[in-house]
Amino acid sequence: MPFRPSHSLLDCELLNLASAFCQLQLPFFFIPLVEMASTTLICDTQPWKDLKAHTEDIKKTHLRDLMNDKERCESMMVEFDGMFLDYSRQCATLETIDKLYKLAEAASLKQQINRMYSGEHINSTENRSVLHVALRAPRDAVINSDGKNVVPDVWNVLDKIKDFSEKVRNGSWVGATGKPLKDVIAIGIGGSFLGPLFVHAALQTDPEAVEFAKGRQLRFLANVDPIDVARNIAGLNPETTLVVVVSKTFTTAETMLNARTLREWISSALGPSAVAKHMVAVSTNLTLVEKFGIDPNNAFAFWDWVGGRYSVCSAVGVLPLSLQYGFSIVEKFLKGASSIDEHFRSAPFEKNIPVLLGLLSVWNVSFLGYPARAILPYSQALEKFAPHIQQVSMESNGKGVSIDGVPLPYEAGEIDFGEPGTNGQHSFYQLIHQGRVIPCDFIGIVKSQQPVYLKGEVVSNHDELMSNFFAQPDALAYGKTAEQLLKENVSQHLIPHKLLASYEHRVTVEGFVWGINSFDQWGVELGKSLATQVRKQLNASRTKSEPVEGFNFSTTTLLTRYLQRWRYDLSEILEIHGNLGKKMIIPPSSQMHTHV
Ligand SMILES: O=P(O)(O)OC[C@H]1O[C@H](O)[C@H](O)[C@@H](O)[C@@H]1O
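Because the structure is a prediction, the values reported are computed rather than measured.

Participant: What is the right way to read the pattern of salt bridges from this model?
Facilitator: With the rule as written, the count across this model stands at 27 salt bridges. Lys99 is the salt-bridge partner of Glu95, the closest N and O atoms lying 3.7 Å from each other. Of this pair, Glu95 and Lys99 both sit in helix H4 (residues 94–106), four residues apart, which is roughly one turn of that helix. Overall, the relative accessible area of 43% leaves Glu95 in the partly exposed class. Among the ionic pairs, Glu510 bridges to Arg506, the shortest N-O distance being 3.8 Å. Of this pair, Glu510 and Arg506 are both found in helix H19 (residues 496–514), four residues apart, which corresponds to roughly one turn of the helix.

Here it is, written out as structure tokens:
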């Protein structure tokens, strides 16, 4: 059993809260709920063994020499629909790539992709199909799940979103006091937050989208930290605000508490009946939506064949983004993603961008032993791309057992991190230059959303940015002494939809080759159940002074300290939270002092 030590702690003396928390990263080893199978692992196949042996040749080769081979570099460039991928700076020869194709064959990659598109239950531990590609399929496409074409259902919801968002935007759907709803707070976390935030950030300065968003605001409330509530509602008026509660399950603790908090914010200001006009929902669980008090007519469905982290193209992203930018803008986004879906399904591997990206990741992680990957978009509009891909990749492929429950004797999964260039250059690039070898994805855009060219300057501002984009990869590849690697990806225009779909499929390719289930997340579930135990303890200690029990020494100490350093009784809680409209809407800074 692998032991994964973790640090704990944190001392918030800074805020004078003196609370101690710890980040639990328990040593656990989860065996999915399936019988242990005696299936062959990919590492037992000949192509895997050949690649292992081949790493010795690669270690003797310097990237500088590889870069001098024009023919090699030319074969490592691929173009599709406005995207240009150059992977010539990978520590790989043409022989490596050939061996990776053989590995893909041994992993039945083509067949696995086909199984996904044909709706087979490839998420076997949850017994579900994986069909986020259906979310952006054209209206006349046929994609079956359990013998039923799901595309008409997808378009029913899209049509409903179009209709609703137009009503809100043109003022025919108004708030309880008759005022138009110009501001939207989308509550959600994880997959119900990161994708929509990424796309929102990408569209925020898009010249066309800007026009459609005039006079409107879209905010995201994810963290259960009440500071996030305070920041979200700061400056907003409940009378002109629409709250969209986004949760696949409609049970996620953080989201539901935030939803109850904003329900209180609305009803304490406008009366309980105002909720019907000011709150709508996106979920697969319409029963719980109704129970919460949101009219199911004001709920937008999606389906269990959409994984949370793959849900941005469902109502999860489409509803808030359509409210902000109008449905036509979002529809273009869906079309862009769909173009990559078709490319992924049908292009031969040597021209298939997600397949190439995925195979190279497997090469870097499992053969060259590089556990991390930096995602470096030279575009501020893509500032939320790395955080989104972090979830897509790390929640999908952060697994230690095969899909059949066999412990993996090789590393799988990647540590993803990133920042837009050039900010990252002034932060962590030093380590990449001289410290550790980190494969990097450099993402550049040909045309800026917001060009500036100052009179008297040598180059335009975007060219200045792109000078760095072109310089850094070569500095890494050639270096002075050290060997580094990376790949570049240049897009003609800002194409977040195509990047999104390419990276989603890349993660899928990796999972298929590693032989893991990229579509479940049992580790996260364990964390949730432990939080339930802590929540019960906090309540028992606060309300009945019960001692902390049932935890290990470390957690008991931290919890006891936390409880002792900030005590309150029930009447105080009611005083603070009971009248949200009046007492909680205070600036975050003064709120902190009030509570200390
Ligand atoms: O959309 P929800 O059901 O509220 O879930 C929100 C998030 O919860 C968990 O963290 C899951 O691991 C994520 O995949 C999911 O996106």
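Participant: Is there a simple way to explain the side chain of Arg136 in this structure?
Facilitator: Relative to the assigned elements, Arg136 resides in the loop between helix H5 (109–117) and strand E3 (144–145). Looking at Arg136, the relative accessible area reads 3%, which means it is buried. At 2.7 Å, the side chain of Arg136 and the side chain of Glu504 are in polar contact. Setting aside residues up to four positions removed in sequence, Arg136 forms contacts with Cys313, Leu334, Ala337, Ser338, Asp341, Leu500, Ala501, Glu504 and His505.

Participant: Sorry if this is basic, but what is going on with the site of the ligand here?
Facilitator: Taken together, 14 residues sit near the ligand, with Ser192, Ser247, Thr249, Thr252 and Glu395 positioned nearest. Between the ligand and Glu395 there is a distance of 2.5 Å, counted from an oxygen atom to a side-chain nitrogen or oxygen. Here the ligand has 390 Å² of accessible area as a free molecule, and 89% of this is covered by the chains. Within the residue set of the shell around the ligand, elements represented by two or more residues are helix H16 (385–397) and helix H20 (522–544).

Participant: Explain the side chain of Asn123 to me, please; I cannot follow it from the model alone.
Facilitator: As for its placement among the helices and strands, Asn123 is situated in the loop between H5 and E3. For Asn123, a relative accessible area of 4% gives the class buried. Sequence-distant contacts of Asn123, that is, excluding residues within four places in its chain, are made with Arg128, Val130, Asn517, Phe519 and Asp520.

Participant: Would you take a moment to explain the environment of Pro354 for this structure?
Facilitator: Note that Pro354 resides in helix H15 (residues 353–367). When near neighbours in sequence (up to four residues on either side) are disregarded, Pro354 contacts Ile340, His343, Phe344, Ser502, His505, Arg506 and Val509.

Participant: Honestly, the sheet that holds strand E9 (residues 299–301) in this entry has me stumped. Any pointers?
Facilitator: Within a sheet, neighbouring strands are paired by backbone hydrogen bonds and run either parallel or antiparallel to one another. Spatially, the five strands line up as an open sheet ordered E6-E5-E7-E8-E9, and their pairing is parallel. In the strand order of this sheet, the two ends are held by strand E6 (217–221) and E9, each with one partner. Each neighbouring strand pair of the sheet contributes to a mean axis angle of 20 degrees, computed without reference to strand direction. Where strand E7 (residues 241–246) and strand E8 (residues 279–283) come together, four bridges link them in parallel fashion. For Val243, the partnering residue across the bridge sits in E8 and is Met279.

Participant: Just to check I follow, could you spell out the packing of aromatic side chains for this structure?
Facilitator: By convention here, two paired aromatic rings are described through the distance between centres and the angle between planes. In total, this model carries 19 aromatic pairs according to the counting rule given. Seen in terms of ring centroids, Tyr310 and Phe519 are 5.7 Å apart; in terms of plane orientation they differ by 55 degrees. Their pairing is tilted. One end of the pair, Tyr310, is in the loop between E9 and helix H13 (315–325); the other, Phe519, is in the loop between H19 and H20, and 209 residues separate them in sequence. Phe519 shares its class with Tyr310; the two are buried. Here Phe442 and Phe469 contribute two aromatic rings whose centre-to-centre distance is 6.5 Å and whose plane-to-plane angle is 70 degrees, an arrangement assigned as edge-to-face. With Phe442 in strand E12 (residues 440–445) and Phe469 in helix H18 (residues 461–478), the pair connects residues that are 27 residues apart, well separated along the chain. The buried category is assigned to Phe442, whose relative accessible area is 0%.

Calculation criteria
- Residues numbered from 1 in each chain as written.
- Predicted model: local features only at pLDDT ≥ 70, side-chain atom pairs only at ≥ 80, totals over all residues.
- Heavy atoms only, no water.
- Salt bridge = Lys/Arg side-chain N within 4 Å of Asp/Glu carboxyl O.
- Helix = DSSP H or I, 4+ residues; strand = E, 2+ residues; numbered from the N terminus.
- Buried < 20%, exposed > 50% of the residue type's maximum accessible area, 1.4 Å probe, protein only.
- Polar contact = N/O pair within 3.5 Å; in protein donor to acceptor, adjacent residues only side chain to side chain.
- Contact = heavy atoms within 4.5 Å.
- Near = heavy atom within 4 Å.
- Areas by Shrake-Rupley, 256 points an atom, 1.4 Å probe, with all protein chains shown as cover.
- Pairing = 2+ DSSP bridges.
- Axes fitted to C-alpha atoms, helices over the stretch in contact; angles between N-to-C directions.
- Phe/Tyr/Trp six-rings, centres within 6.5 Å; stacked < 30°, edge-to-face > 60°.

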